[in-house]
Amino acid sequence: MARIVAGVATSHVPAIGAAIDQGKTQEPYWQPLFAGFEFSKRWIAEQKPDVVVLVYNDHASAFSLELIPTFAIGCAESFAPADEGWGPRPVPVVEGHPELAWHIAQSTILDEFDMTIVNRMEVDHGLTVPLSLMFGQPAASNFHWPCKVIPLAVNVVQYPPPTGNRCWNLGRAIRKAVESFAPGLKVMIWGTGGMSHQLQGPRAGLINRAFDTAFLDGLTRDPAALARIPHVDYVREAGSEGIELVMWLIMRGALAADAREIYRFYHVPASNTAVGHIILENP
Ligand SMILES: [Fe+2]
């Protein structure tokens, strides 16, 4: 069987991508943030996953208010970086893994998850910033990402987003799907977005370190409890965009109950959000 070897969660703040693209990673504002991913870059270079199932949300780049899939899986051969208003990020085209993506689509849909199948899609910072953080910027002489990527987009933009429990259960269904795929593939699952952030209104810039820390602790120690957090608690405690954290539960649901935390990092601020990052390895 194919195997999920690890899960990664990380924020996907667009300003992080801009800092990388504009060569600002060593500036005093950004240096501490990028230092927090040095371990992760070394770790993933050793791990060498074949495929990453990358859970993220689209920010009105591929979808709009005209079309809002709750869960959408990218089954295409490739996904170009989206133009989010300043031209596409100067990062490689993302190579997909259609065979595994179709297999996950089939398995999860037959398990009664209403997954939207996407055969053409551009991917925005929600997907490309985590790739940049984990792999660094690919050199011009070798301009490709080191693994294949299956985009899994989740609606956390327009109410109602899926519940944390639904996300957790989708993660479990993805694990079942991957483990019933042809043997030999080394798969990772990433959850992105979060942590606490609120982008507008009188509470803009809200950071709740206590909530974020408890969420990171819960991912390792008691993820089932996190799956019971209602939407209103995310909004109240972590800000209106803090709801992105439900995507981390898809990642966690796809891992074993006794997955081991091997690294975490927390940093405030990046733009006006808290950046959280955790790596969990399956036993
Ligand atoms: Fe986002």
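Look up a bit, the structure's there.
Rules of the game
- Residues numbered from 1 in each chain as written.
- Predicted model: local features only at pLDDT ≥ 70, side-chain atom pairs only at ≥ 80, totals over all residues.
- Heavy atoms only, no water.
- Helix = DSSP H or I, 4+ residues; strand = E, 2+ residues; numbered from the N terminus.
- Rg over C-alpha atoms; globule rule 2.2 N^0.38 Å.
- Buried < 20%, exposed > 50% of the residue type's maximum accessible area, 1.4 Å probe, protein only.
- Contact = heavy atoms within 4.5 Å.
- Lys, Arg positive; Asp, Glu negative; His and termini not counted.
- Charge placed at Lys NZ, Arg CZ, Asp CG, Glu CD.
- Donors = N, O, S within 2.8 Å, 3.2 Å for Na, K, Ca; no water.
- Axes fitted to C-alpha atoms, helices over the stretch in contact; angles between N-to-C directions.
- Parallel < 35°, antiparallel > 145°, perpendicular 65-115°, else oblique.
- Core = buried A, V, L, I, M, F, W, Y, C linked by side-chain atoms within 4.5 Å.
- Salt bridge = Lys/Arg side-chain N within 4 Å of Asp/Glu carboxyl O.

(A) How the structure looks around the overall build of the protein. Within the protein, the regular secondary structure consists of 10 helices and 10 strands. Here the C-alpha atoms of the protein give a radius of gyration of 17 Å, agreeing with the 19 Å that 2.2 N^0.38 yields for 283 residues. Structurally, the protein occupies a C-alpha span of about 45 × 45 × 40 Å along its principal axes. A total of 283 residues make up the protein; the buried ones form 56% of that total. Partitioning the intrachain contacts of the protein with sequence separation of at least 6 by distance along the chain shows that 81% fall at a separation of at least 24. Distance between charge centres in the protein, computed from 21 positive and 28 negative side chains, equals 7 Å.

(B) Molecular detail of the coordination of the iron ion. With distances of 2.1 Å, the protein atoms coordinating the iron ion are His12 (NE2), His59 (NE2) and Glu244 (OE). Expressed as a motif, the donor residue spacing for the iron ion is H-x46-H-x184-E. Here His12, found in the loop between strand E1 (3–10) and helix H1 (14–21), pairs with His59, found in the loop between strand E2 (51–56) and strand E3 (71–74); they are 47 residues apart in sequence, far enough to count as distant. Overall, the relative accessible area of 24% leaves His59 in the partly exposed class.

(C) Examining helix H10 (residues 246–253) more closely. The element H10 is extensively covered by neighbouring structure, given that 8 of its 8 residues are classed as buried. Burial in H10 covers these residues: Val246, Met247, Trp248, Leu249, Ile250, Met251, Arg252 and Gly253.

(D) Looking closely at the packing of helix H3 (residues 38–47) against helix H5 (residues 125–135). Put simply, H3 and H5 touch, their axes get as near as 7 Å, and they point 85° apart. Between H3 and H5, the angle falls in the class roughly perpendicular. Seen from H3, the contacting residues are Ser40, Lys41, Trp43 and Ile44; seen from H5, they are Leu133, Met134 and Phe135.

(E) Unusual backbone geometry, seen in detail. Along the chain, Tyr159 connects to Pro160 via a cis peptide bond; the corresponding omega equals 0°. Omega for the peptide link from Gly194 to Met195 comes to -10°, which places this bond in the cis form. Mapped onto the elements, Met195 comes out in the loop between strand E8 (186–192) and helix H7 (209–221). Phi at Glu112 takes a positive value of approximately 80°, unusual for a residue other than glycine.

(F) Quick peek at the nonpolar core. Core analysis: the biggest nonpolar cluster contains 55 residues, and Ile104, Val187, Ile189, Phe215, Tyr234, Trp248 and Ile250 have the highest contact counts within it. When residues in this core are grouped by element, the largest group, 7 residues, is from helix H6 (residues 164–179). Counting residues in hydrophobic clusters, the runner-up holds 42 residues, among them Phe34, Val52, Trp145 and Ile279.

(G) Structural view of the pattern of salt bridges. For the coordinates displayed, the defined rule picks out 9 salt bridges. In this structure, Glu179 and Arg175 form a salt bridge, with 3.1 Å as the shortest nitrogen-oxygen distance. A residue pair is termed a helical-turn pair when its members lie 3 or 4 positions apart in one helix, as Glu179 and Arg175 do in helix H6 at 4 residues. When its relative accessible area of 26% is taken as the criterion, Arg175 is described as partly exposed. For Asp233, the salt bridge is made with Arg236, and the minimal N-O distance between the two is 3.5 Å. Residue Asp233 and its partner Arg236 are both found in helix H9 (residues 231–238); the two are separated by 3 residues, about one turn of the helix. By relative accessible area, Asp233 is classed as partly exposed at 26%.

(H) Up close: the environment of Ala76. Note that Ala76 resides in the loop between E3 and strand E4 (78–79). In sequence terms Ala76 and Ile150 are 74 residues apart; their C-alpha atoms lie 8.7 Å from each other. Excluding its chain neighbours within four sequence positions, the residues that come into contact with Ala76 are Gly96, His97, Pro98, Val118 and Asn119.

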